[in-house]
Amino acid sequence: MPTLILLRHGQSQWNLENRFTGWVDVDLTTEGEAQARRGGELMAEQGLLPDEAFTSVQTRAIRTCNLALDAARRSWIPVTKDWRLNERHYGGLTGLDKTETARLHGEEQVKVWRRSYDTPPPPLEAGSEHDLSGDPRYAGATVPATESLKLTLERVLPYWTSAIAPRLKADKTVLVAAHGNSLRAIVKHLFQVADDRIVGVEIPTGNPLVIELNADLQPVSARYLDEGRAQALPEIAA
Ligand SMILES: O=C(O)[C@H](O)COP(=O)(O)O
């Protein structure tokens, strides 16, 4: 049975500092490294051994992927990196403190920017210290100035369809080590979550989400391996 394991990176330095991160390449904290290793141990304990892995081009996801695969003794499998699995771009909010931003703009507005489907944050100004358009890892790509979840899904989905789905259709166990919102995009697509319901889907750091799929890649079961740190999952259509 095709098995997908979604793993959000472990706690990052800016998760700890409660700052909007998006495409900024912050690293894991010591706690985040431990979460990634624990994720790999849980996979191994339950015999969930990935055949292949996909990750973004951001250090926190790459290192999470490597630490989890090391812990599961699967560091030899093929790993493919692609910017389309990056975190959603947080635009002009990048680097700001989340609590302070809520104080300035109101909780509701910040919830809309963080969790709504199609309202992007204000764009990042060109030339800002967080402008990554000159970063060599994005050569040939158009670096966005901001992204809603909808825009994130629009760049994740073609990659899902062309690169990841074929491996699942070949009946493989596939690990995708990525980010809160690129993974929410995949969950929205797989579970056919309505635009106004995706606001309720949160993905915890470093907790493998195992989704068994049928031959048409529709979910038949879904569970977090660390039950104590699980979050509610969307319903599986009958
Ligand atoms: O980019 C970020 O700040 C986080 O990785 C995800 O943030 P969120 O919880 O606001 O979506």
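About the thresholds
Residues numbered from 1 in each chain as written. Predicted model: local features only at pLDDT ≥ 70, side-chain atom pairs only at ≥ 80, totals over all residues. Heavy atoms only, no water. UniProt positions renumbered as here; feature names shortened; annotations may be inferred. Pairing = 2+ DSSP bridges. Helix = DSSP H or I, 4+ residues; strand = E, 2+ residues; numbered from the N terminus. Axes fitted to C-alpha atoms, helices over the stretch in contact; angles between N-to-C directions. Contact = heavy atoms within 4.5 Å. Salt bridge = Lys/Arg side-chain N within 4 Å of Asp/Glu carboxyl O. Buried < 20%, exposed > 50% of the residue type's maximum accessible area, 1.4 Å probe, protein only. Expected span 1.5 Å × (residues − 1). Near = heavy atom within 4 Å. Polar contact = N/O pair within 3.5 Å; in protein donor to acceptor, adjacent residues only side chain to side chain. Areas by Shrake-Rupley, 256 points an atom, 1.4 Å probe, with all protein chains shown as cover.

Looking at an unreviewed UniProt entry, one finds the chain named 2,3-bisphosphoglycerate-dependent phosphoglycerate mutase, with Peiella sedimenti as its source organism. Quoted straight from UniProt, the Pathway (unreviewed entry) entry for the chain says "Carbohydrate degradation; glycolysis; pyruvate from D-glyceraldehyde 3-phosphate: step 3/5." Looking at the chain in UniProt, the text filed under Subunit (unreviewed entry) is "Homodimer."

Chemist: Would you explain the sheet that holds strand 5 (residues 209-213) in this entry?
Modeler: The six strands are arranged 3-2-4-1-5-6 in an open sheet whose pairing can be described as mixed. Of all the strands in the sheet, the pair left with one neighbour each is strand 3 (79-81) and strand 6 (219-224). Adjacent strand axes in the sheet meet at a mean angle of 20° when their direction is disregarded. Of the strand pairs in this sheet, strand 1 (residues 3-8) and strand 5 are connected by four bridges, and their pairing is antiparallel. Within strand 5, the residue paired with Thr3 across the bridge is Glu212. Across the sheet, helix 7 (residues 180-191) lies against strand 1, strand 4 (173-178), strand 5 and strand 6, angled at about 150° from strand 1, the strand it touches most.

Chemist: Quick question: what am I supposed to make of the UniProt feature "site: Transition state stabilizer" (unreviewed entry) in the chain here?
Modeler: UniProt's entry tags His179 with the feature "site: Transition state stabilizer" (unreviewed entry), counted in the numbering of this structure. Along the chain, His179 falls in the loop between strand 4 and helix 7. With sequence-adjacent residues up to four places away left out, His179 is seen in contact with Arg8, His9, Ser56, Gln58, Arg60, Ala61, Leu85, Asn86 and Glu87.

Chemist: Would you mind showing me how to read the pattern of salt bridges here?
Modeler: Should their charged atoms come close, side chains of opposite charge can pair. Per the stated rule, a full pass over the model turns up 16 salt bridges. For Glu45, the salt bridge identified is with Arg38, shortest N-O distance 3.6 Å. Residue class for Glu45 comes out exposed when judged on its relative accessible area of 56%. On the accessibility criterion, Arg38 (37% relative accessible area) is partly exposed.

Chemist: Before we go on, may I ask you to explain helix 7 in this structure?
Modeler: Note: α-helices contain 3.6 residues per turn, so residues at a spacing of three or four share the same orientation. The end-to-end C-alpha distance of helix 7, which contains twelve residues, comes to 16 Å, matching closely the 16 Å that a straight helix rising 1.5 Å per residue would cover. Most of helix 7 is tucked away, with eleven of its twelve residues classed as buried. For helix 7, the complete set of buried residues consists of Gly180, Asn181, Ser182, Leu183, Arg184, Ala185, Ile186, Val187, Lys188, Leu190 and Phe191. For helix 7, the elements touching its buried residues are strand 1, helix 5 (107-115), helix 6 (149-169), strand 4, strand 5 and strand 6. Taken from the residues just after helix 7, Gln192 is the one with a positive phi, measuring 50°.

Chemist: How should I be thinking about the site of the ligand in this particular structure?
Modeler: Taken together, the neighbourhood of the ligand is formed by Arg8, Arg19, Phe20, Thr21, Gly22, Glu87, Tyr90, Lys98, Arg114, Arg115 and Asn181. Within the backbone of Thr21, a nitrogen or oxygen atom sits 2.9 Å from an oxygen atom of the ligand. Between the ligand and Gly22, the relevant distance is 2.8 Å, taken from an oxygen atom to a main-chain nitrogen or oxygen of the residue. Here the ligand has 320 Å² of accessible area as a free molecule, and 96% of this is covered by the chains.

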